[in-house]
Amino acid sequence: MSNVLEIDGLKMHIRQSRVTVKAVDGVSLSIAPGETLGLVGESGCGKSMTGMSIMKLLPNGGHIIEGSINLNGRDVVPLSEKQMRRIRGQEVAVIFQDPMTSLNPTMNIGNQLGETLRIHREASDDEARERAVEVLELVGMPRPRERLHDFPHQLSGGLRQRVMIAMSLVCSPSLLIADEPTTALDVTIQAQILDLLDSLRRELHMAVLLITHDMGVIAGRADRVAVMYAGKIAEQAETSTLFKRMRHRYTEALVEAIPRLDQETTAELYSIPGLPPDLAFPPKACRFAARCRFDTDICHQVEPPLLEHEPDHLYACHHPAGVGASQSDPLVAV
Amino acid sequence: MTEASSPEEPPAAPNGAKPFLDVRNVVKEFPVTHGAVLQRRVGVVHAVSGVSFTVKSGETLGLVGESGCGKTTTGRMIVALERVTSGSIFIDGEDIARMSMRRVRRKRRDMQMMFQDPYASLDPRMRVVTILREPLAIQGIGTRPEQEERVRDLLNDVGLATSSMDRYPHEFSGGQRQRIGLARALALHPKLIVADEPVSALDVSIRSQILNLMNRLQTKYGLTYVIISHDLSVVKYMADRIGVMYLGKLVEIAGGEDIYARPAHPYTNGLVSAIPIPDPDIERHKQMDAPKGEIPSAINPPSGCRFRTRCPRAQPLCGQVEPPLRAFGPDHLAACHFPLRDPVEAAA
């Protein structure tokens, strides 16, 4: 089965007045239909910028300078803004962290949902309304027909996020980008929204790019995981492999730094020293070396390539965890 | 002060030690007004409705719950940023709820607050030295050189270079700003720090730096902490005991391990099960009992047990009678008519 999304060697740099921020610096990813790929990392690691590059909604000064983004077999990088407008919503849709700022406060729910259809499918008002009710039902909105006349401020955070998801589904996209979809919500509501995304993905056979900082959310919801650090992918594997045999020292440190509910924490939490690097001047070699417990000279001199060291398990680390002094031979260069 | 005066009063502090912080049947109501000029009162938000708990000196209590459960309001009342509608808050034996603002201001040396958003809680036009000197200047402590010496000590305590003194907040990262916030809270040698979501705005890799720093300073200065967070994992790491709040009520309070392993209240159980654990084997096979629906309005809270509208175990009784806090083990209280475990018979 061919992949819905295939990103190859994507570089998206943001030109600012004095410097160029290398926000996404050589990222390759793919997602199959019905699959959830988790993209995890801290603020500023480039995970959201990777998502926005797929939509080609870039910040001021942002340019894709290298690489390709194949969406359903077509590279969107060379497409014009006019052509992109047809693709957004139809083939790929996005939901953001804060539904209040992404919904139009002056438009009722019915019109916001219908707008997408009227633009993309040239639907009549009646058709648009019926489809709006249909998608609101799909996302578990109580009494959907009455809600059409509600404005965003009349809804709770959880219901607003359901409306956002409904909006993204109106034109049945093949790829849904969920950028921190539950970060602004309470854990109880988070569980409801993540359940909803899971069931929609299964029913509609959508590909989902789940962007989050929360390793717990990843553990429960992603089929595969890509860990990003400072504009690059540090490690990528199937979810259970990643958590059982994490190799990159950044992944390892990140998981060790999280207090866990199910474990007694008597010892001090591991804390990663320092700060992520400035992406206007990223380190030449390993980008995590300056904060790493296991760094040696080579880490500061040679950039570790992202290689498939084990089947379906890629990582870019000179001193991977759980691999003895003799490194396993890379199978395939990526 | 030694006799329990209200039915919701928890039993005396464990080990017979006199609690450092004793919150008794505290109520906070905010009027809902309509109109800009006449401000007609059209209702009341019941933010906190009769909450009692105690914290021993040097102990950490965590308060958890969903948005709107009253945890932040409770924390703000403890440092007198919000005055109680009724009830008492004893800090070191003195009831701050009955104090004049003048006396409260002096008492504030003992209790300080650390805020969630290090970007919003530091004045962008002040240098770090001014921010940290301000509490000392307000309380009239020391001469200027003495105050600056204290600022150097504080920066050292929170792991910032002394050269930070002449810099402005925007020159620091989120984690460093939270260190400045902690230094400011420490400036007056307080005994109690209320930390409201101290790490929620920070990245995972920075979070543990701040949490470990808070723990080290607690040991160094014998601080008592009340840590408020929606993140039960963070609270469990930090706290000796955890109080779970729901819609203005304390529904369960127990030791951290106890609350996670043996919750008595269905809400606690639901909250615990909703928290994602970074382990796919556990996360994918655990039983999800996350409460359905959303937290009701605090203007018209449900009668009887406030959780009953979302509770899988609710019965007609829950709508009629408010459940009292009952003991479920040593130092473990919960307010539920149909708890997940049997309560222990109240000891004499």
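A. The overall build of chain A, seen in detail. Of the regular secondary structure elements, chain A holds 12 helices and 13 strands. In terms of overall size, chain A behaves like a compact globule, its C-alpha atoms giving a radius of gyration of 21 Å where 334 residues would be expected to give roughly 20 Å. If one aligns the C-alpha atoms of chain A with their principal axes, the spans along those axes are about 65 × 50 × 45 Å. In chain A, which comprises 334 residues, the share counted as buried stands at 49%. By sequence separation, contacts in chain A at least 24 residues apart represent 64% of the contacts at least 6 residues apart.

B. The arrangement of the sheet that holds strand β11 (residues 326-327) of chain B in detail. Residues and elements named next belong to chain B. The 8 strands are arranged β6-β7-β8-β3-β9-β10-β12-β11 in an open sheet whose pairing can be described as mixed. Only two strands of the sheet have a single partner each, and these edge strands are β6 (111-114) and β11. For β11 and strand β12 (residues 333-334), the ladder comprises 2 bridges, and the chain directions are antiparallel. Paired with Ala327 across the strands is Leu333, a residue of β12. Sitting on the sheet, helix α5 (residues 174-186) is in contact with β6 and β7 (192-196), with an inclination near 170° to β6.

C. Region of the structure containing the domain arrangement of chain A. Residues and elements named next belong to chain A. According to the domain assignment, chain A consists of domain 1 (5-222) and domain 2 (239-333). Computed over C-alpha atoms only, the centres of domain 1 and domain 2 are separated by 29 Å. Listed per partner, the contact involves 13 residues of domain 1 and 9 residues of domain 2. Among the elements of the structure, β2 (20-31) and α9 (215-221) are those that each provide at least two residues to the side of domain 1 that touches domain 2. For the side of domain 1 that touches domain 2, the class distribution of residues is 8 nonpolar, 2 polar and 3 charged.

D. Focus on the interface of chain B and chain A. Each partner contributes residues to the interface: chain B has 37 residues there, and chain A has 37 residues. For the side of chain B that touches chain A, the leading source of residues is helix α6 (residues 204-221) of chain B, giving 7 residues. Across the side of chain B that touches chain A, the residue classes tally to 18 nonpolar, 9 polar and 10 charged.

E. Main features of the nonpolar core. All names here are of chain A. Core analysis: the biggest nonpolar cluster contains 189 residues, and Leu175, Ile177 and Leu209 have the highest contact counts within it. When residues of this core are assigned to domains, at least three map to each of domain 1 (5-222) and domain 2 (239-333). Excluding residues within four positions of it along the chain, Ile177 makes contact with Gly51, Ile54, Met55, Val92, Val94, Leu209 and Ile211.

The rules behind these values
Residues numbered from 1 in each chain as written. Chains lettered and ligands numbered in written order. Predicted model: local features only at pLDDT ≥ 70, side-chain atom pairs only at ≥ 80, totals over all residues. Helix = DSSP H or I, 4+ residues; strand = E, 2+ residues; numbered from the N terminus. Rg over C-alpha atoms; globule rule 2.2 N^0.38 Å. Buried ≥ 20, exposed ≤ 12 C-beta atoms within 10 Å, placed from the backbone. Contact = placed C-beta atoms within 7 Å. Pairing = 2+ DSSP bridges. Axes fitted to C-alpha atoms, helices over the stretch in contact; angles between N-to-C directions. Domains from an automatic or database assignment. Nonpolar A, V, L, I, M, F, W, Y, C, P; charged D, E, K, R; others polar. Core = buried A, V, L, I, M, F, W, Y, C linked by C-beta atoms within 7 Å.

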